[in-house]
Each structure stands twice: as structure tokens, then as C-alpha cells.
Amino acid sequence: KGSIMKRWLILFVVGCLAVAGAANAAVQQGDTELDALGAWMTQNGEDDYPDTDVLFLSVGVGYFVTDNVQVQGAALGAWTEFANEDTDIWAIGGRVKYHFMPTNQWVPYVGAQVMWANADSDAYDEDVDGVLWGPVAGLRYELNAYNDFFVEYQYHMWSGDINDYMDDGHAFFVGLIHQFK
């Protein structure tokens, strides 16, 4: 019975050490970061078009202009089957994020993104393009001085020709961030 309690105590201590850390400054002015995120998401179809499931990958390079505010250049790719045809979507643009409690190990943030997007599919006769924009919100967890894990929610709104096929959508992402200090 004593050895079982010791094992549970050791597991508990190891778990506490995994989530406890010395977070001197999770994010701070002057930091440059590279992040990569991925997700499986669903977009709501416009009018007579079906809802769509999408594999989504994105990378971004960000810079903290203050301890709280980050500007980021970003690119994304999405691959799906739309109207029984393979469809590729790519976009390039930027994000702005405001980080609350930047000195904590857990750092919540909110922001917005705007990207020019292009969709190529045999489901319609031409490439369509437009703007992908909307709010983002997330939570990052400092793994060590140079790497963070994060989860992010994005609400996608579309405008331009691409809006004829996609209306809006919700996406939840997981990713990793590497900081260059």
C-alpha cells in the first residue's frame, strides 16, 4: 500500500513540475517569433453550397512592438473537397494580437486577422479570390524560455468572389511557437 502511495505522489510531483515553471517573461517587447498551427475545421456553405470540412495549416512570423501588442505576417493553406471536387485555398496577410498578462506562464490573447485569399477548384470555372478576415482569441502556455504551446480560435468571414462559395466559419487550432530572443 505504501509503494502505491509513493508512485501516486511521484506522479503528482512530476505533474506539478510539468505545469509549474519559472516564467520570467513569457512575451516581451522586441521578441520575434515563428509559429505553426494546424486544424481540422468546418466552413458554412453559402446559399446552395454545402458545408465543408477543411484541413488547415498556417505559419506566421510575429514581432512584439510592446510587451502586449504583437504584429504578425502570416500565410495559410487549406485543402478540402468542395462540391465533390478537390479545392485548394491559400492566403497571405497579417494579424494583430493583444496579450494579457505577458509575464505569466499562461498568456491569453485576442486579436484580428486580414488576409488576401485565393481558391482554386474544378467545382467552378475560375479561380476566385477575396478577403479572409475576422477575430482571433487564444491561450499560450510557456513550455520553456524559447517555446510555447498554444490553442487558438478564429472566426472566419469572407468577402469578394470567394464569398459566393463560403460564408463564415469557426476554427480551433493547436500549435507551437518558437521565440528568438
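This text gives an overview of the structure that appears in the document. (Residues numbered from 1 in each chain as written. Predicted model: local features only at pLDDT ≥ 70, side-chain atom pairs only at ≥ 80, totals over all residues. Heavy atoms only, no water.)

**Comments concerning the overall build of the protein chain**
- Helix and strand content of the protein chain: 1 helix and 8 strands.
- Counting helices and strands in the order they occur from the N terminus, the protein chain gives α-β-β-β-β-β-β-β-β.
- A total accessible area of about 9800 Å² is found for the protein chain, and carbon and sulfur atoms account for 62% of it. (Helix = DSSP H or I, 4+ residues; strand = E, 2+ residues; numbered from the N terminus. Areas by Shrake-Rupley, 256 points an atom, 1.4 Å probe, with all protein chains shown as cover.)

**Topic: a negative patch on the surface**
- Together, Glu81, Asp86, Asp88, Asp120, Asp122, Asp125, Glu126, Asp127, Asp161 and Asp164 make up a region of like negative charge exposed at the surface.
- When you line up the elements, aspartate 120 lands in strand 5 (residues 106–121). (Patch = residues over 30% accessible without salt bridge, like charges linked within 9 Å, V, L, I, M, F, W, Y side chains within 5 Å. Salt bridge = Lys/Arg side-chain N within 4 Å of Asp/Glu carboxyl O. Lys, Arg positive; Asp, Glu negative; His and termini not counted. Charge placed at Lys NZ, Arg CZ, Asp CG, Glu CD.)

**Comments concerning the nonpolar core**
- One finds Phe56, Trp158, Ile162 and Phe173 to be the most contacted residues of the largest nonpolar core, which totals 24 residues.
- Where this core is concerned, the elements lending two or more residues are strand 1 (32–45), strand 2 (52–64), strand 3 (69–82), strand 4 (85–99), strand 5, strand 6 (128–142), strand 7 (147–160) and strand 8 (166–180). (Core = buried A, V, L, I, M, F, W, Y, C linked by side-chain atoms within 4.5 Å. Buried < 20%, exposed > 50% of the residue type's maximum accessible area, 1.4 Å probe, protein only.)

**Notes on the pairing of strand 7**
- Relative to strand 7, strand 6 runs antiparallel, the two being bridged by 11 bridges. The residue bridging glutamate 142 from the neighbouring strand is aspartate 148, located in strand 7.
- In this structure, the hairpin formed by strand 6 and strand 7 is closed by a connection of 4 residues.
- Where strand 7 lies against strand 8, 11 bridges are found, and the strand directions are antiparallel. Following the sheet pairing, asparagine 147 is matched in strand 8 by histidine 178.
- Between strand 7 and strand 8, which pair antiparallel one after the other, the connecting turn spans 5 residues. (Pairing = 2+ DSSP bridges.)

**Some words on the environment of aspartate 129**
- Along the chain, aspartate 129 falls in strand 6.
- On the basis of relative accessibility, which here comes to 30%, the residue aspartate 129 falls in the partly exposed class.
- For aspartate 129 and alanine 117, which are 12 residues apart along the polypeptide, the C-alpha to C-alpha distance reads 5.4 Å.
- Excluding anything up to four places from it in sequence, aspartate 129 contacts Trp116, Ala117, Asn118, Ser159, Gly160, Asp161 and Ile162. (Contact = heavy atoms within 4.5 Å.)

**Things to note about the packing of aromatic side chains**
- Evaluated as defined, the whole model comprises 5 aromatic pairs.
- Ring centres 5.2 Å apart and planes at 65° place the aromatic pair tryptophan 90 and tryptophan 116 in the edge-to-face group. Of this pair, tryptophan 90 sits in strand 4 while tryptophan 116 sits in strand 5, and the two are 26 residues apart along the sequence.
- Judged by its relative accessible area of 42%, tryptophan 90 falls in the partly exposed class.
- Centroid distance tyrosine 98 to phenylalanine 100: 5.0 Å. Interplanar angle 75°. Geometry classified as edge-to-face.
- On the basis of relative accessible area, tyrosine 98 is assigned to the partly exposed category, the value being 38%. (Phe/Tyr/Trp six-rings, centres within 6.5 Å; stacked < 30°, edge-to-face > 60°.)

**Considering unusual backbone geometry**
- Look at methionine 101: it is not a glycine, yet its phi comes out positive at around 50°.
- Within the secondary structure layout, methionine 101 lies in the loop between strand 4 and strand 5.
- Judged by relative accessible area, which is 45%, methionine 101 ranks as partly exposed.

**Describing the side chain of aspartate 148**
- Position of aspartate 148 among the secondary structure elements: in strand 7.
- Owing to a relative accessible area of 1%, aspartate 148 belongs among the buried residues under this scheme.
- At a separation of 2.7 Å, a polar atom in the side chain of aspartate 148 contacts the side chain of arginine 140.
- Beyond its immediate chain neighbours, meaning those up to four positions away, aspartate 148 contacts Ala26, Arg140, Tyr141, Glu142, Leu143, Gly175, Leu176, Ile177 and Gln179. (Polar contact = N/O pair within 3.5 Å; in protein donor to acceptor, adjacent residues only side chain to side chain.)

**As for the side chain of asparagine 118**
- Relative to the elements of secondary structure, asparagine 118 occurs in strand 5.
- The contact partners of asparagine 118, leaving out residues within four places of it in the chain, are Asp88, Ile89, Trp90, Asp127, Val128, Asp129 and Ile162.

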